[in-house]
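Below, each chain spelled out in residue letters.
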Amino acid sequence: MEYNKSITDMRPGDEVEGFYVLRSAAVRVANTGKPFLSGSLADIGGFIESVAWDYAGPVNGDDVGKVVKIRGRVGSYRGGPQLIIDRLRLAGERDSYDVGRLVKCAPIDREETMRGLRELLESIDDADYRAVALLALERRGEVLQSIPAAKSFHHGFLGGLLMHTANMLRIADFLAGMYAETVDRGLLLTGTLLHDIAKYREFRFSELGLVAEYSNEGHLLGHIFMGALEASELCRELGVPEQKAVLLEHLVLSHHGEPDFGSAIVPMCAEAELLSLIDRIDSRMEIYSEELAKVKPNHFSERIYALDKKIFNHCELF
């Protein structure tokens, strides 16, 4: 019996036990008239089709996305591996398992990244923008550190929003120095921090913290509008001058660049223009990183929806 064996390493004849994510599940009825559970289990490496015979619950399709503990053996079905489950239950509060083994997490030290992010924001010279940034970080730091930046488009893993925001802040800081005569560094850095701040309201999250679906507010309002509203409320609470508050709201409202990409308005100041470009750079580079890992050297990918094109892997390092 092997404990928490990686799904990619499972072979027919293996006996396994451990914690996995319920990827899909449906209670069906066999020809014998007895119920069984048909579905699949997943970990960070992949998934395996699974079946539990003579099983009617309590685990079912309503539990998709949750962690389950199983015991079973690997067989084969229609030319592929199939896990035949003998015992199955939902993971409980007293169970201990490594989330990083089950779902993808940002490849960063989150605590160290948060410290660096705070230091960068504390270096903002403008007292108003610095106060807004630090108050936002104080109130939203926990969700910023944990949630994904998207459902599947880019940085769709635990800690993804922190990774995306920190990457963007480093780029913003560099470009603010390069274009110091044109760009207000405090405005750009604070707007960068706030640009996706409302993602925690846009989504509903699974038991593991991944994006399960859009919330009602996400469907009806979206994170851009809710982020601008949050920026406005922070400024009002701190007594920030109205012109600065409006500029921050503009950066959030325009950070997708064009209405066709979801932006409420086009960027109309240098900082808003830079923010929209920085967001595009980091999101697209993450898509390249994730997709190139799936492409053989010297081959093209299939068409990638988020990029609206194929990409070429020219390097064996990927």
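Scroll up to find the structure.
What counts, and at which threshold
- Residues numbered from 1 in each chain as written.
- Predicted model: local features only at pLDDT ≥ 70, side-chain atom pairs only at ≥ 80, totals over all residues.
- Heavy atoms only, no water.
- Pairing = 2+ DSSP bridges.
- Helix = DSSP H or I, 4+ residues; strand = E, 2+ residues; numbered from the N terminus.
- Salt bridge = Lys/Arg side-chain N within 4 Å of Asp/Glu carboxyl O.
- Core = buried A, V, L, I, M, F, W, Y, C linked by side-chain atoms within 4.5 Å.
- Buried < 20%, exposed > 50% of the residue type's maximum accessible area, 1.4 Å probe, protein only.
- Contact = heavy atoms within 4.5 Å.
- Polar contact = N/O pair within 3.5 Å; in protein donor to acceptor, adjacent residues only side chain to side chain.
- Patch = residues over 30% accessible without salt bridge, like charges linked within 9 Å, V, L, I, M, F, W, Y side chains within 5 Å.
- Areas by Shrake-Rupley, 256 points an atom, 1.4 Å probe, with all protein chains shown as cover.
- Axes fitted to C-alpha atoms, helices over the stretch in contact; angles between N-to-C directions.
- Parallel < 35°, antiparallel > 145°, perpendicular 65-115°, else oblique.
- Left-handed = near helix turned anticlockwise from the far one by under 90°.
- Nonpolar A, V, L, I, M, F, W, Y, C, P; charged D, E, K, R; others polar.

Time to look at the pairing of strand β8 (residues 211-214). Bridge count between strand β7 (residues 203-205) and β8: three bridges; the pairing is antiparallel. Looking at β8, one finds that F205 is bridged to V211.

Attention now goes to the pattern of salt bridges. With the rule as written, the count across this model stands at 17 salt bridges. Taking the shortest distance from any N to any O, the salt bridge between D126 and K244 comes out at 2.8 Å. With D126 in the loop between α2 (110-122) and α3 (127-146) and K244 in helix α9 (residues 242-253), this residue pair connects regions lying 118 residues apart in the sequence. For the salt bridge of K244 with D128, the shortest nitrogen-to-oxygen distance reads 2.8 Å. Of the two residues, K244 is situated in helix α9 and D128 in helix α3; the sequence distance between them amounts to 116 residues. Connected through shared salt-bridge partners, E2, K5 and D14 make up one network.

Turning our attention to the nonpolar core. L117, L121, L144, L193 and L194 are the most contacted members of the largest nonpolar core, which totals 42 residues. Of all the secondary structure elements, the ones that give two or more residues to this core are α2, α3, α4 (160-178), α5 (185-194), α8 (222-238), α9 and α10 (270-292). The element contributing the most residues to this core is α4, with eight residues. Dropping the residues within four chain positions of it, L121 is found in contact with R130, A133, L134, L137, L169, L189 and L193. Counting residues in each nonpolar core, the second largest holds 18 residues, with L22, I70, V74 and I85 among its members.

Here H256 shows up in the loop between α9 and α10. Taking the C-alpha atoms as reference, H256 lies 38 Å from I7; in sequence the two are 249 residues apart. Setting aside chain neighbours within four positions, we find H256 in contact with H223, I224, F261, G262, S263 and D279. Within the structure, H256 has its side chain in polar contact with the side chain of H255 (distance 3.5 Å).

A surface patch of nonpolar side chains, amounting to about 410 Å² of accessible area, comprises L220, L221, F225 and L229. Topologically, L221 is positioned in the loop between α7 (216-220) and α8. Assessed through its relative accessible area of 45%, L221 is described here as partly exposed.

Take the packing of α5 against α10 next. Axis separation between α5 and α10 bottoms out at 9 Å; the angle between their running directions is 40°. What the angle tells us is that α5 and α10 run oblique. Classified by chirality, the crossing of α10 by α5 is right-handed. Two secondary-structure elements touch here, α5 through L187, L188, G191 and T192 and α10 through E271, L274 and L275. Taken together, the residues of the contact of α5 with α10 sort by class into four nonpolar, two polar and one charged.

Our next topic: the pairing of strand β5 (residues 67-77). Where strand β2 (residues 15-29) lies against β5, seven bridges are found, and the strand directions are antiparallel. Residue E15 lies in a different strand from β5, and its bridge partner there is R73. With 10 bridges connecting them, β5 and strand β6 (residues 80-90) associate as antiparallel partners. Its bridge partner lying in β6, Y77 is registered against G80. The hairpin turn running from β5 into β6, its antiparallel successor, is two residues long, and R78 in that turn takes a positive phi close to 55°.

Closest axis-to-axis distance for the α2/α3 pair is 10 Å, and the angle between their directions is 170°. Judged by the inter-axis angle, α2 sits roughly antiparallel to α3. Across the interface between the two elements, R110, E111, M114, L117, R118, L121 and E122 from α2 touch R130, A133, L134, L137, G141, L144, Q145 and S146 from α3. For the contact of α2 with α3, the residue count by class is seven nonpolar, three polar and five charged.

What follows covers the side chain of Q82. Tracing the backbone shows Q82 in strand β6. Once you skip the residues sitting within four places of it in the chain, Q82 turns out to touch I48, E49, S50, V51, R73, V74, G75, S76 and Y77.

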